[in-house]
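# Topology and contacts: notes
This is what each chain is made of:
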Amino acid sequence: MASFICCVFLLLLPFASAGHDYAAALNKGILFYEAQRSGYLPRDQRINWRANSGLEDGKANGIDLVGGYYDAGDNVKFGLPMAFTITMMSWSIVEYGRQMAAAGELGHALEAVKWGTDYLIKAHPEPNVLYGEVGDGNTDHYCWQRPEDMTTSRKAYRIDVNNPGSDLAGETAAAMAAASMVFRHSNPAYSDELLNHAKQLFEFADKYRGKYDSSITVAQKYYRSYSGYADELLWAAAWLYHATNEQYYLNYLGNNGDALGGTGWAMSEFGWDVKYAGVQVLVSKFLMQGRGAHHSPVLQKFQQKAEYFLCACAGKGGRNLQKTPGGLIFRQRWNNMQFVTSASFLATVYSDYVASAGRSLSCAAGNVPSSELLAFAKSQVDYILGDNPRATSYMVGYGNNYPRQVHHRASSIVSIKVDSKFVGCREGYATWYSRKGSDPNLLVGALVGGPDAYDNFADERDNYEQTEPATYNNAPLIGILARLHGGNGGLNQLLPVVLPKPQPVQSHPLPKPLPAPVTKTTPAPANGSPILVEQKSTASWVAKGKVYYRYSTIITNKSGKTVKNLKLSIAKLYGPLWGLSRSGGAYSLPTWLNSLAAGKSLEFVYIHSASPADVRVAGYTLE
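Residues numbered from 1 in each chain as written. Predicted model: local features only at pLDDT ≥ 70, side-chain atom pairs only at ≥ 80, totals over all residues. Heavy atoms only, no water.

### Concerning the pattern of salt bridges
- With the rule as written, the count across this model stands at 27 salt bridges.
- Note that Lys114 and Asp118 form a salt bridge whose closest N and O atoms lie 3.1 Å from each other. One end of the pair, Lys114, and the other, Asp118, are both in helix 3 (residues 106–122), 4 residues apart, so they sit about a helical turn from each other.
- Overall, the relative accessible area of 27% leaves Lys114 in the partly exposed class. (Salt bridge = Lys/Arg side-chain N within 4 Å of Asp/Glu carboxyl O. Helix = DSSP H or I, 4+ residues; strand = E, 2+ residues; numbered from the N terminus. Buried < 20%, exposed > 50% of the residue type's maximum accessible area, 1.4 Å probe, protein only.)

### A look at the state of the cysteines
- Throughout the structure, instances matching the rule amount to 2 disulfides.
- Covalent S-S linkage joins Cys143 and Cys425, the inter-sulfur distance amounting to 1.9 Å. For the disulfide bridge between Cys143 and Cys425, the dihedral angle about the S-S bond is near -85 degrees, and by the sign convention the bridge is left-handed. Of this pair, Cys143 sits in the loop between helix 4 (137–142) and strand 3 (156–159) while Cys425 is found in the loop between helix 15 (409–412) and helix 16 (427–433), placing the two residues 282 residues apart along the sequence. In terms of burial, Cys143 and Cys425 fall into one category: buried.
- Here Cys311 connects covalently by a disulfide to Cys363, the sulfurs 1.9 Å from one another. Disulfide Cys311 to Cys363: torsion about the S-S bond roughly -80 degrees, handedness left-handed. With Cys311 in helix 12 (residues 296–314) and Cys363 in strand 4 (residues 361–363), the pair connects residues that are 52 residues apart, well separated along the chain. The residues Cys311 and Cys363 share a single accessibility class, namely buried.
- In the protein chain, the cysteines engaged in disulfides, taken in order along the sequence, are linked 1-4, 2-3.
- No disulfide involves Cys313; its sulfur sits 9.2 Å from the nearest other cysteine sulfur, which is in Cys311. (Disulfide = S-S within 2.5 Å.)

### Things to note about unusual backbone geometry
- The backbone of Asn245 sits at a positive phi, close to 60 degrees, despite the residue not being glycine.
- Relative to the assigned elements, Asn245 resides in the loop between helix 9 (230–244) and helix 10 (247–256).
- Look at Asn245 and you get partly exposed, because its relative accessible area is 35%.
- At Asn335, a position not held by glycine, the phi torsion is positive, near 45 degrees.
- Within the secondary structure, Asn335 sits in the loop between helix 12 and helix 13 (337–357).
- The exposure class assigned to Asn335 is buried, which follows from its relative accessible area of 6%.

### Some details on the environment of Lys501
- Within the element layout of this structure, Lys501 appears in the loop between helix 18 (471–486) and strand 6 (520–522).
- Residues Lys501 and Leu287, 214 residues apart in the sequence, show an inter-C-alpha distance of 29 Å.

### Digging into the side chain of Ser342
- On the secondary structure map, Ser342 appears in helix 13.
- With relative accessibility at 1%, the residue Ser342 sits in the buried group.
- Among the polar contacts listed, one links the side chain of Ser342 to the backbone oxygen of Gln338, at a separation of 3.0 Å.
- Apart from residues no more than four positions distant in its own chain, Ser342 is found in contact with Phe84, Phe270, Gly271 and Pro476. (Polar contact = N/O pair within 3.5 Å; in protein donor to acceptor, adjacent residues only side chain to side chain. Contact = heavy atoms within 4.5 Å.)

### Here we look at the UniProt feature "active site" (unreviewed entry) in the protein chain
- Here the UniProt-annotated "active site" (unreviewed entry) positions come out as His407, Asp459 and Glu468. The largest pairwise C-alpha distance within this set of annotated residues, which runs over 62 residues, is 10.2 Å, so the set is compact in three dimensions.
- Those residues in contact with His407 that sit more than four places away from it in its chain are Gly73, Trp144, Tyr433, Arg461, Asp462, Tyr464, Thr467, Glu468 and Pro469.
- Here the side chain of His407 touches Arg461 through a polar contact of 2.7 Å, landing on its backbone oxygen.
- Exposure remark for Asp459: the relative accessible area of 25% places this residue in the partly exposed category.
- Those residues in contact with Asp459 that lie beyond four places of it in its chain are Tyr402, Pro403, Arg404, Gln405 and Thr467.
- In terms of polar contacts, Asp459 uses its side chain to reach the backbone amide nitrogen of Arg404, at 2.8 Å. (UniProt positions renumbered as here; feature names shortened; annotations may be inferred.)

### Describing the side chain of His408
- With respect to the secondary-structure elements, His408 resides in the loop between helix 14 (370–384) and helix 15.
- Within the structure, His408 has its side chain in polar contact with the side chain of Gln36 (distance 2.7 Å).
- For His408, the contacting residues outside a window of four places in its chain are Gln36, Ala72, Gly73, Trp144, Leu443 and Pro469.

### Examining helix 3
- Helix length check: helix 3 (17 residues) gives 24 Å between terminal C-alpha atoms against 24 Å at 1.5 Å per residue, within 8%.
- Taken as a whole, helix 3 has its buried residues at Leu106, Ala109, Leu110, Ala112, Val113, Trp115, Gly116, Thr117, Tyr119, Leu120 and Ile121.
- Those residues of helix 3 that are buried lie in contact with helix 1 (22–35), strand 1 (77–78), helix 2 (79–102), strand 2 (130–134), helix 5 (166–182) and helix 6 (188–207). (Expected span 1.5 Å × (residues − 1).)

### A short note on the environment of Ile480
- Tracing the sequence through the fold places Ile480 in helix 18.
- For Ile480, a relative accessible area of 0% puts it in the buried group.
- For the pair Ile480 and Thr348, spaced 132 residues apart in the sequence, the C-alpha separation amounts to 6.6 Å.
- Ile480 has contacts with Thr341, Ser344, Phe345, Thr348 and Val381, leaving out every residue within four places of it along the chain.

### Topic: the packing of aromatic side chains
- Enumeration according to the criterion identifies 29 aromatic pairs in this entry.
- Ring geometry for Trp235 and Phe270: centres 5.8 Å apart, planes at 70 degrees, overall edge-to-face. You can see Trp235 sitting in helix 9 and its partner Phe270 sitting in the loop between helix 10 and helix 11 (276–288), a full 35 residues away along the chain. Taken as a pair, Trp235 and Phe270 share a single burial class, namely buried.
- For the ring pair Tyr383 and Tyr394, a centre distance of 6.4 Å and an interplane angle of 10 degrees mean the geometry is stacked. Taken together, the residues Tyr383 in helix 14 and Tyr394 in the loop between helix 14 and helix 15 connect sequence positions 11 residues apart.
- Looking at Tyr383, the relative accessible area reads 1%, which means it is buried.
- Residue placement shows Arg37 over the ring face of Trp115; its charged tip is 4.5 Å from the ring centre.
- The side chain of Lys114 reaches across the aromatic face of Tyr190, ending 4.7 Å from its centre. (Phe/Tyr/Trp six-rings, centres within 6.5 Å; stacked < 30°, edge-to-face > 60°. Lys NZ or Arg CZ within 6 Å of the ring centre and 35° of its normal.)

Here is the structure:
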């Protein structure tokens, strides 16, 4: 699909020469989530050494909390990292779902998201109640048992109006909103259900403010919310605006960006606790899509901070991120890989945003084109997959040299399907944890914590800082892998994308799409106006019995001068529009484009279920 400025050409990276099978890594990275499943496992479960577990979760609290994911190598279901995992898996699909489909993995990715959102729906039984943890990290860590044998506490912990948790509720709202976009085409009823939960949770988070770990104190030792809840409120609002296009959420971002730190914090990390960099990148997308309206000046401040972070990633900022001698981002010894994948994902999507907008980053040490940002992300992924001083793949099951003694209860103890003998709480430590040998069950696709600041790594089960995996390590990675496997074919991440259905077979007949309207051209009139308007339908689909069209409109400056202050009048528009700024009743150039040079064009798109809108030039100046 064409970019916003027709003269923009995406620079192709030599993906084919990288030597890595990104499609295979994508398959394994998604497969890992099946090993983390709690509850009743489905018939199509591919990790067959796992069995049902946690079947009475929530029972003591009078609620069904069966399902969801264990976060890492233990058997606790922590709500904050689980919700962040779902948000990032959904963002990966929103951006690169077509590439996942081309690799044959979109269906599996959707199943991974739904396994999490089904649980989050259960955990939100009332508008102002959210269960944020099942199990207790202290008692759980005292035992080394496979999840099928758990004897530890399965008590459930919740937040409510008297015990608030804005960070937990906000992140869960973001997860639900992001996931609603993922299922909008393939399962619209489920999408609507998720969006309803997201709106309720955001209202709960904003109205009853407080840190969740002050209410669920057992989480403090494991997932303390050090950053507070302001970032999650902005994160939730951004995802709700992305999912709904409702002015309320844009107003929230514009009116609260300064007070809640979105425009002030220049970050050096992004992860389950600190969301600011993610908010700033997502808001930058809105700005470049022309969706900022009168809040664009505030959104530009978000974007400045986003680019501060990305310049630091690329090594051209005022304060660059630390890297190992082998080139890996290094933030901390304990599970450093979570920061690698999250930062690399932001670099990947932002590289596509700026390429689509026809611009680059202006950093303290020079300009960074989109290709350089993507090359940075690729370097991090290639390091993970084995291009590093130890020639070690940090994804279990990928390549020939990967961790064999993973800090993970289920993989380190013989499968209950092989030996059904009960493994007791302390027995697991004596028999399996201390065992020097490869795991009996291969934890395919798990991304472990990774090496230290000097590229050193010890493959030992008790080295939990380096050998423990986590669900939130993989979630951003699957998006990058899909992008690298798919290449640059026709990407324009500023245009709305409808994901293909993973299973195109329909259970009931749908009305056939109407013939696409022919190209509609408004030629330059006889009075010498230099503006040419051309419209055409680029796609059509059926939703709820109605045929929708995506229209592409190209505005071309046919004069020999620069067009400024362009104003467009658009009538008979019955749906969302991307790529222009709106001021009053007229539309103008997007905020990132001040003028249209001689012979150049810009593109905007809109969607509705009618013939092309009436687009007319209302005013302009030539210089």
